[in-house]
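Observations on chain architecture
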Amino acid sequence: MAFNHLPAGVHDALAPLSVTPVTHSVPMAKNHRSEGSPTDPATRPTPGAVLDRLASGPSRAARITHTEHLPPRAGRHAVWPDRIRPEVIAAVQACGIEHPWAHQALAAEHALDGDSVVIATGTASGKSLAYLTPTLSTLLDGSEAANGRGATALYLAPTKALAADQRRAVRELARPLGTAVRPAVYDGDTPVEEREWVRQYANYVLTNPDMLHRGILPSHPRWSSFLRALKYVIVDECHTYRGVFGSHVAQVLRRLRRLCARYGASPVFLLASATAAEPSVAAGRLTGLPVVEVADDASPRGELVFALWEPPLTELHGERGAPVRRTATAETADLLTDLTLQGVRSVAFVRSRRGAELISVIAQERLAEIDRPLARRVAAYRGGYLPEERRALERALHSGELLGLAATTALELGVDVSGLDAVLIAGYPGTRASLWQQAGRAGRAGQGALAVLVARDDPLDTFLVHHPEALFDQPVESTVLDPDNPYVLAPHLCAAAAELPLTDDDIQLFGPACADLLPQLEAAKLLRRRTRAWHWTRRERAADLTDLRGEGGRPVQVVEAGTGRLLGTVDEAASHTAVHEGAVHLHQGRTYLVRSLDLDDSVALVEQANPPYTTVARDTTAISVLETDVTVPWGDGRLCYGSVEVTNQVVSFLRRRVITGEVLGETKLDLPPRTLRTRAVWWTVTEDQLDEARINPEILGGALHAAEHASIGMLPLFATCDRWDIGGVSIPLHPDTLLPTVFVYDGHPGGAGFAERAFHTARAWLTATREAIASCECDAGCPSCIQSPKCGNGNDPLHKRGAVRLLTVLLKGAPEENPEERPEERPQEKTEAS
C-alpha cells in the first residue's frame, strides 16, 4: 500500500527585515486601559501593552511560548545624485521627504549609471522611492525630447492589488510634474476602452507578469513605440518569483528583453526585494543579467514585539484518538476580535482563502454580540474576489474604515497600509522570508508594532514555537528557481517564436537547454525550421500553452445556482479539492455548498447554506521512478534524487466541525485521476537496518508513513516552500527500488527545486524531522508531529516510536558532508540560487 501526501498549490515566499534580535522573557499578563484615541500615534498603546491585554484572559499567558523584542533603529541620510532632476527632488520634498536614506541614493546612482540593481532592504524601507526617483527623472528628460514619444518605464507587480497601490503612489508623487509622467494600470481589470489610450500615451505602465506574457508581448507590434523607448523595467517584490512561478517569470523577462532589442532598446532592470539571501544572485537568475546589490538598510525602524503563540489542547480527540489543539483559525479569530475591541488596527494573514473567510465570519459574529457596528469594521480579503470587491476593500483599509482584516497573501505583497498596529499570522507561512514580510505590514508609519505567530497543530509550527532560534537566529532562505526546467522553457520558446522567429542567436538568451528542446518542439510539430529560424506553426495563440502560476487549465467559475450570479473563480488545479460536489465554499462571509462540479465546462454550481462543518478532500497516490540522477550511500541505505511520475486521485472528503476540527463523517467521490511528472528525493533502508531499528513488518508501514509526514512538515525550514508545495509517498516495498522507500516530490510539472534542496540538506532536514517527532509530548502521534491535514489515507497507519528509531538508524549512516558540498555529485547546480 502507498501512503501519500499530495500538494495543492504554490504560495509566494517573501523576504524579511534585516534585524538583530534581542530576546526577553514573556511579559506577565496585565489589564490595561488605553488613554486617548487608539489610532493617534501619540496616544496609541505600546506593542507590549497590546500583547499584555491579549494575554490577560484565562490561561492566555501560558499560550505565549516566546517573545522577541526588536529594538528601534536610527536612520542614515544621504543626498540624491546630482543627475536627478530638481523638479523630481522638489516633488519628493513636497511629500515630506527632505533627504533620502543612504540606500535610496545609492540605488538611484546605479540606475542612472545604467546598472541593473536589486534593492534588498527591509519592509517599509523606502524601496519604491529608490527606483521611482531615477525613473521619474528619466521620464521628465524624455518628455522634453524634440521627437518621438519620449522615455517609457514598465512596472511589474506579482498582484493586481500592488499595482493599483503603486499607481496611487506614483500619481501622488508625480502630481507636481504635470503631464510629463502619465501612469496607467494595464491588467485584466483594465476596461477595453482604456487599453488603447494606455498603449499610445501612458509612459509609466503598471502591469503584472501574467498580462505581460498573455497581452503585451504577443501584441508587441501595437506596443512598438512603448518598447522602443523603454528605459527602465521595475520588478517589484521580486523575491516572490520562486519555484515554478519564478521560473516562468524568468523566461517572460527574457522574451521582453529580446523584443526590446528588436526595437533597439536595452532597458535597465530595477528590482525591489525585502531582505533575502544573496539577492543579486537570485535577481541575476531571474533577469538573465548581471545585477548590482544594494542591501545595507539605512532606514529607521520602530520597536517590534514578536510573540509566538501556541493554542491550547482541547478535550477532543482526532483521527486515531490523537489529542487535538484548538485550531489556529479559531484562535486567530479570537485575537482579531480582541484587537478590534481595543481599537487596534490589525491584519490577520491566513494561508488559505477559506481560512481568511472563516476568521472574518467568526470575528464578525463575536463582535456583533458585543457591539454590532464594530462587526462591520472587520472583513476578509483574498484572491478570487471580483475586481470591484477588491478595490472597495483596499479603499476601506486605506481610509481606516476597516479596523480588522483577515487576508491571504493577496494583501501581503507590498500594499502600503500605513497606521497598522498589529499583525496576526495564522500558521507559519512557509518561509522565514514570508514571516518577516507579513510582520512588516504593521508599524509602517514608524510607530511600534506587534506581530503574533499563531501555531497550527502541525509538526513545523509546533517545532518553531518551541525553538524560536530557528526563526530569529537563522538567515533567510535562498530563492529557488530553474528557468531551464523543460516544462517551463518549452512553451516560452513557442511563445517567443510566435512573437518573432527564433534564431541561433537566441539560444544564449534562453539558456543552454534551448538547443536540445528546439528539435523536440519541431518533431512535435509546434515549431518549424525555415532557413535559419524556427517559426510557430499553429493557429492558436502560443502564449496560451502555459499558465505562469503553474496552475494550467481554465479557471473554474463558481456560480450561484439559483441566480446564475458569478461569485468568483477557483484555479483548475485546485478544483478537485476545493469545489468538488459537497464541498463547503466561503465567499464574502457567506457559506455555500457545492451542488455540482462540471469539469468539461469548468463550472461549479453552489447554493447558499449554513452547515456546521468544513470539508477536506482525501486522495490516493502512486509513484514510479523514471530516472535516478544521483545516489549517495547512507550506510546500508541510499539517498537518491531524480525524476518520478506521480498519479493522484481525489477519492473522498471529510466533514470537520468548524471550531474544533472534529471529524463528523466521510463521503466518497468519483473524480478522474491526474498524472504529474516531477522531481523527487527519496531514501531507502535495508533489512539489516530494519532489524537494528527493531522494525517488524507489522509496524513498518506506520513507521515509514510517520517519517514521511514529519519530513514533509519540516522541509519548509530548509527550502522556500510550504507543505502544500510538496507531496510524499511511503511504501514498505516499492517495485522500483525493491526496498522500503520514502519519497518527497515537487508538486509541479518538471519540479520546482524543492526536492533538490531537500537532497542537498538531507542530513540537517532529517535530523530536524527526527527531533520534531521525538520531542512531541503525545504518546502515539498527533497533528503536532506525525499526523497530516492532507493525508489521503486518513493518517492510518502511523507508528511514532518506529519512525524515531528508523530515522535514528538512517542518520547513523549519513555522510559527514552534505551532498551540496560534493560538486561531483550535484545533479543540477542551476536550480539553487545560493
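On a predicted model such as this, the values are computed, not experimentally measured, just so you know.

**What about the environment of Ala 407?**
- Summarising the element assignment, Ala 407 is placed in strand β16 (residues 404-407).
- For the pair Ala 407 and Val 350, spaced 57 residues apart in the sequence, the C-alpha separation amounts to 5.9 Å.
- If we ignore the near neighbours within four places in the chain, the residues touching Ala 407 are Val 347, Ala 348, Phe 349, Val 350, Ala 356 and Tyr 381.

**Concerning helix α9 (residues 243-262)**
- For α9, spanning 20 residues, the distance from its first C-alpha to its last is 29 Å, which sits close to the expected 28 Å at 1.5 Å a residue.
- Within α9, 17 of the 20 residues are buried, which leaves the element mostly enclosed by the surrounding structure.
- Downstream of α9 by one or two residues, Gly 264 has phi in the positive range, about 85 degrees.

**A few points about a negative patch on the surface**
- A surface patch of negative charge is lined by Asp 636, Glu 687, Asp 688 and Asp 691.
- The class for Asp 636 is partly exposed, based on a relative accessible area of 46%.

**Points about the packing of aromatic side chains**
- In this structure the tally under the stated criterion is ten aromatic pairs.
- Ring geometry for Trp 223 against Phe 226: centres 5.6 Å apart, planes inclined by 85 degrees, an arrangement best described as edge-to-face.
- Ring centres 5.4 Å apart and planes at 65 degrees place the aromatic pair Tyr 241 and Phe 245 in the edge-to-face group. For the pair formed by Tyr 241 and Phe 245, the shared burial category is buried.
- Through a chain of ring-to-ring contacts, the aromatic side chains of Tyr 186, Trp 223 and Phe 226 assemble into a single cluster.

**Some points on the pairing of β16**
- The two faces of β16 match: Gly 404 and Ala 406 on one face and Leu 405 and Ala 407 on the other face are all buried.
- As defined by bridge partners, strand β15 (residues 378-381) adjoins β16 across four bridges and the pair is classed as parallel. Directly across from Ala 380, in β16, lies its bridge partner Ala 406.

**Description of the confidence of the model for the protein**
- Predicted confidence across the protein gives a mean pLDDT of 85, with 88% of residues reaching 70 or more.
- Below a pLDDT of 50 lies the segment residues 1-41, which in the model reaches 159 contacts outside its immediate sequence neighbourhood of four places, other chains included.
- Every residue in residues 820-834 scores below 50 in pLDDT, and together they form 45 contacts with partners more than four places removed in sequence or on other chains.

**Side note on unusual backbone geometry**
- Of note in this structure, Lys 525 is not a glycine but carries a positive phi near 60 degrees.
- Mapped onto the secondary structure, Lys 525 falls in the loop between α20 (513-523) and β21 (527-530).
- Unusually for a residue other than glycine, Leu 738 sits at a positive phi of about 60 degrees.
- Take Leu 738: it is sitting in the loop between β32 (726-731) and β33 (741-746).
- Exposure remark for Leu 738: the relative accessible area of 60% places this residue in the exposed category.

**A look at the packing of helix α7 (residues 209-216) against α9**
- At a minimum axis distance of 10 Å, the contact between α7 and α9 shows a crossing angle of 50 degrees. Looking at the two axes, α7 sits oblique to α9. Classified by chirality, the crossing of α9 by α7 is left-handed. Listed contacts from α9 to Pro 209, Leu 212 and His 213 of α7 are Val 249, Val 252, Arg 255 and Leu 256.
- Tallied by class, the residues present in the contact of α7 with α9 amount to five nonpolar, one polar and one charged.

Reading the values: rules and limits
Residues numbered from 1 in each chain as written. Predicted model: local features only at pLDDT ≥ 70, side-chain atom pairs only at ≥ 80, totals over all residues. Heavy atoms only, no water. Helix = DSSP H or I, 4+ residues; strand = E, 2+ residues; numbered from the N terminus. Contact = heavy atoms within 4.5 Å. Expected span 1.5 Å × (residues − 1). Buried < 20%, exposed > 50% of the residue type's maximum accessible area, 1.4 Å probe, protein only. Patch = residues over 30% accessible without salt bridge, like charges linked within 9 Å, V, L, I, M, F, W, Y side chains within 5 Å. Areas by Shrake-Rupley, 256 points an atom, 1.4 Å probe, with all protein chains shown as cover. Salt bridge = Lys/Arg side-chain N within 4 Å of Asp/Glu carboxyl O. Lys, Arg positive; Asp, Glu negative; His and termini not counted. Charge placed at Lys NZ, Arg CZ, Asp CG, Glu CD. Phe/Tyr/Trp six-rings, centres within 6.5 Å; stacked < 30°, edge-to-face > 60°. Pairing = 2+ DSSP bridges. pLDDT = per-residue confidence, 0-100. Axes fitted to C-alpha atoms, helices over the stretch in contact; angles between N-to-C directions. Parallel < 35°, antiparallel > 145°, perpendicular 65-115°, else oblique. Left-handed = near helix turned anticlockwise from the far one by under 90°. Nonpolar A, V, L, I, M, F, W, Y, C, P; charged D, E, K, R; others polar.

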